[in-house]
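Coordinates in review
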2 protein chains.
Amino acid sequence: MGKLTREAVVERALEIGDAEGLQAVTIRRLAQELGVTPMALYWHFKNKEQLVVGMADHLIEDFEITPDGSRPWQEQLRELVGRLVRMLRRHPCAEAVLEEVDKMEVPAFLRVWDTALGLALRARFGARESCLITRYILQGAIALAGGSVEHRRCVPDEERAEHVRLKRVRFQSLPPDTYPNIVRMAVPLTERGDAELYDTFGVDLLLAGIESMAARLDG
Amino acid sequence: MGKLTREAVVERALEIGDAEGLQAVTIRRLAQELGVTPMALYWHFKNKEQLVVGMADHLIEDFEITPDGSRPWQEQLRELVGRLVRMLRRHPCAEAVLEEVDKMEVPAFLRVWDTALGLALRARFGARESCLITRYILQGAIALAGGSVEHRRCVPDEERAEHVRLKRVRFQSLPPDTYPNIVRMAVPLTERGDAELYDTFGVDLLLAGIESMAARLDG
DNA sequence: ACCTGAACACCGTTCAAGT
DNA sequence: ACCTGAACACCGTTCAAGT
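Keep in mind it's a predicted model, so treat the numbers as computed, not measured.

1. Things to note about the interface of chain B and chain A
For an interface, size is often stated in terms of accessible area lost upon the parts coming together. With 54 residues of chain B at the interface, the matching set in chain A holds 54 residues. Approximately 4,900 Å² of surface area, both sides summed, lies buried where chain B meets chain A, with 69% of it carried by carbon and sulfur atoms. A salt bridge links Arg128 of chain B to Glu191 of chain A, with the nearest nitrogen and oxygen atoms 3.7 Å apart. Summed over the shared surface of chain B and chain A, the number is nine residue pairs in polar contact (both at pLDDT 80 or more). Those elements that provide at least two residues to the side of chain B that touches chain A are helix 6 (94-100), helix 7 (107-122), helix 8 (127-147), helix 9 (157-172), helix 10 (180-184), helix 11 (186-190) and helix 12 (195-218) of chain B.

Next comes the structure, spelled out in structure tokens:
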């Protein structure tokens, strides 16, 4: 039996979170699955908050950002956001984790933020604008990519389809005079198939806004 | 003593949430403050989830959106987002509430969404793009406006300033070789004074992205 | 250094019962 | 219709103690 290590705990926590949602990640539950007493975890983490910080850090730590002065900042920013988005897709609980933690306490997140700041400055945004822009794009990417994930438990496709069908019916049976557009667009609203379109469109939107603001600075 | 009404419960819950954070909003705590047994709340709400739905609905219900075909869609969209943002500023717990609930279950949110959908369609976006855009702008506004709020308890200015100073020091004492930009920009990063600039810039960014995408459709 | 056991103060929720 | 009382199965966390 391998001993209880910080990493093992965090990885197990992420497994539970991805499978059943972050609210299922519990000190007691975690301890039980690891074959250990709940208090054992308190040796490795000061409290539950620090455990979630550990989860967030583990989610972002392998991003390997290499700022490269020879490539355009738009391209690099897009790459950075792309990695964030793909990670959020892979881990259903990532959005919840990143919303719950104080991101300032997550070293890996600070590194990503630092890279983004460098790119914004290179785009000739001022100090304040760069701060706002980077907050905006990172937060926006989390909200956007996370929002398109069913962060419930991993369900068999059949049950997922049933869930979609139910939501669609709910939309269609709303009073059409107060919700005309939602009733009419119940189908596209509940479609979730083309995650790829969603990703590129979302990222395009984020970056179009930033480029547009950058152009104003230059003009 | 007025009787226990759904509205009174929701309002009290929002007071607690704004003052001490959503995690302080507890069935038992709420019951105690209302001078009633915890189980009494279960007569008015099926469970805690429905209570939070009630909170979300109450936060958005008085938005009074009047779609007006004679005004440009950009203007109306900006107004809609502006209301969302101002509400999020007024209520420190609003972001947490809106993140926790299933927004599809909040009637007032569905009305806002319906209005936004109408505006997107008027901007000549297709059905799918309109769905994405409206999700994007509503979610983005929540994340952006909420992110600039200290959603801890309402603290006296003095303690708040101390908190900012502490964060700044933490940034400045990070290893400058791994976090060069964060160290250098510790001051603007922790500045929080001009909420107004933050708001307009954030909303501008959101709308610049959307207008830019709309222009591509026309071009 | 690393883990256990017992205990404390909290949760949400159910169910039967009161008025 | 509206609320209470007792109980159940959970939490996170502390503190003293074991090895």
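2. A few points about the protein's contact with DNA strand C
In the vicinity of DNA strand C lie 15 residues, with Thr37 and His44 of chain A together with Arg28, Tyr42 and Lys48 of chain B positioned nearest. Among all atoms of DNA strand C positioned within 4 Å of the protein, those belonging to sugar or phosphate total 54%. Contacts to DNA strand C include Ile27 of chain B, whose backbone N or O atom sits 3.2 Å from a phosphate oxygen. Within the side chain of Arg28 of chain B, an N or O atom sits 2.5 Å from a base nitrogen of DNA strand C. Of all the secondary structure elements, the ones that give two or more residues to the surface near DNA strand C are helix 3 (38-44) of chain A together with helix 2 (27-33) and helix 3 (38-44) of chain B. If one sorts the elements of the surface near DNA strand C by residue count, helix 3 of chain A sits on top with four residues. Of the residues that constitute the surface near DNA strand C, the class distribution is eight nonpolar, four polar and three charged.

3. So, the relation of the copies chain B and chain A
If you rotate chain B by 180° and push it 0.0 Å along the axis, it lands on chain A with an RMSD of 0.0 Å. Considering both components of the superposition, the chain copies are consistent with a two-fold axis. Residues of chain B ranked by C-alpha distance from the rotation axis are headed by Gly209 of chain B, positioned 1.7 Å from it. Residue by residue, 100% of the interface of chain B is reproduced at the interface of chain A, so both copies engage with the same surface.

4. A word on the UniProt feature "domain: HTH tetR-type" (unreviewed entry) in chain A
In this numbering, the UniProt entry assigns the feature "domain: HTH tetR-type" (unreviewed entry) to residues 3-63 of chain A. Here residues 3-63 of chain A runs as 69% helix and 0% strand, with 28 Å between its end C-alpha atoms.

5. Brief notes about empty space enclosed by the protein
Residues and elements named next belong to chain B. One pass over the structure, following the stated rule, counts eight cavities of 30 Å³ or more. Size it by volume and the second largest cavity reaches roughly 90 Å³. Taken together, Ile65, Thr66, Arg71, Gln76, Glu79, Leu80, Arg83, Thr115 and Leu119 make up the lining of the second largest cavity. Here the lining of the second largest cavity takes four residues from helix 5 (residues 73-90), the largest share from any one element. When grouped by side-chain class, the residues that make up the lining of the second largest cavity number three nonpolar, three polar and three charged.

6. Side note on the protein's contact with DNA strand D
Taken together, 15 residues lie around DNA strand D, and Arg28, Tyr42 and Lys48 of chain A together with Thr37 and His44 of chain B are the ones closest in. Counted by atom, the contact set of DNA strand D within 4 Å of the protein is 53% sugar and phosphate. Separating a phosphate oxygen of DNA strand D from a side-chain N or O atom of Tyr42 of chain A is a distance of 2.9 Å. Those elements giving two or more residues to the surface near DNA strand D turn out to be helix 2 (27-33) and helix 3 of chain A together with helix 3 of chain B. Here the surface near DNA strand D gets four residues from one element, more than from any other, and that element is helix 3 of chain B. Broken down by class, the residue content of the surface near DNA strand D amounts to eight nonpolar, four polar and three charged.

7. Thoughts on the pattern of salt bridges
Two side chains that carry opposite charge are able to pair once their charged atoms sit near each other. All names here are of chain A. For the structure on display, the rule yields 20 salt bridges over all chains. We note a salt bridge from Arg71 to Glu79, for which the minimum N-O separation is 2.6 Å. Owing to a relative accessible area of 22%, Arg71 belongs among the partly exposed residues under this scheme. Taking the relative accessible area as the measure of exposure, Glu79 reaches 31% and is therefore partly exposed. Bridged by salt links that share partners, the residues Arg12, Glu15, Glu20, Arg29 and Glu33 form one connected network.

8. Here's the deal with the environment of Ala215 of chain A
Residue and element names in this part refer to chain A. Relative to the helices and strands, Ala215 is located in helix 12 (residues 195-218). By relative accessible area, which is 47% here, Ala215 ends up partly exposed. Considered as a pair, Ala215 and Ala123 are 92 residues apart in the sequence and their alpha carbons are 9.6 Å apart.

9. Quick word on the packing of aromatic side chains
All chains considered together, the criterion is met by two aromatic pairs over all chains. A ring pair is formed by Trp113 of chain A and Phe171 of chain B, whose centres lie 6.4 Å apart and whose planes are at 75°; its orientation type is edge-to-face. Linking Trp113 of chain A in helix 7 (residues 107-122) with Phe171 of chain B in helix 9, this pair reaches from one chain into another. Since its relative accessible area comes to 4%, Trp113 of chain A is described here as buried.

Conventions used here
Residues numbered from 1 in each chain as written. Chains lettered and ligands numbered in written order. Predicted model: local features only at pLDDT ≥ 70, side-chain atom pairs only at ≥ 80, totals over all residues. Heavy atoms only, no water. Contact = heavy atoms within 4.5 Å. Buried area = accessible area lost by both parts, 1.4 Å probe. Salt bridge = Lys/Arg side-chain N within 4 Å of Asp/Glu carboxyl O. Polar contact = N/O pair within 3.5 Å; in protein donor to acceptor, adjacent residues only side chain to side chain. Helix = DSSP H or I, 4+ residues; strand = E, 2+ residues; numbered from the N terminus. Near = heavy atom within 4 Å. Nonpolar A, V, L, I, M, F, W, Y, C, P; charged D, E, K, R; others polar. Least-squares fit on C-alpha atoms with pLDDT ≥ 70 in both. UniProt positions renumbered as here; feature names shortened; annotations may be inferred. 1 Å grid on protein atoms, 1.4 Å probe; cavity = no way out; pocket = protein on both sides within 12 Å on 5 of 7 lines; lining within 4 Å. Points joined across faces, edges and corners; volume = space filled by probe spheres on them. Buried < 20%, exposed > 50% of the residue type's maximum accessible area, 1.4 Å probe, protein only. Phe/Tyr/Trp six-rings, centres within 6.5 Å; stacked < 30°, edge-to-face > 60°.

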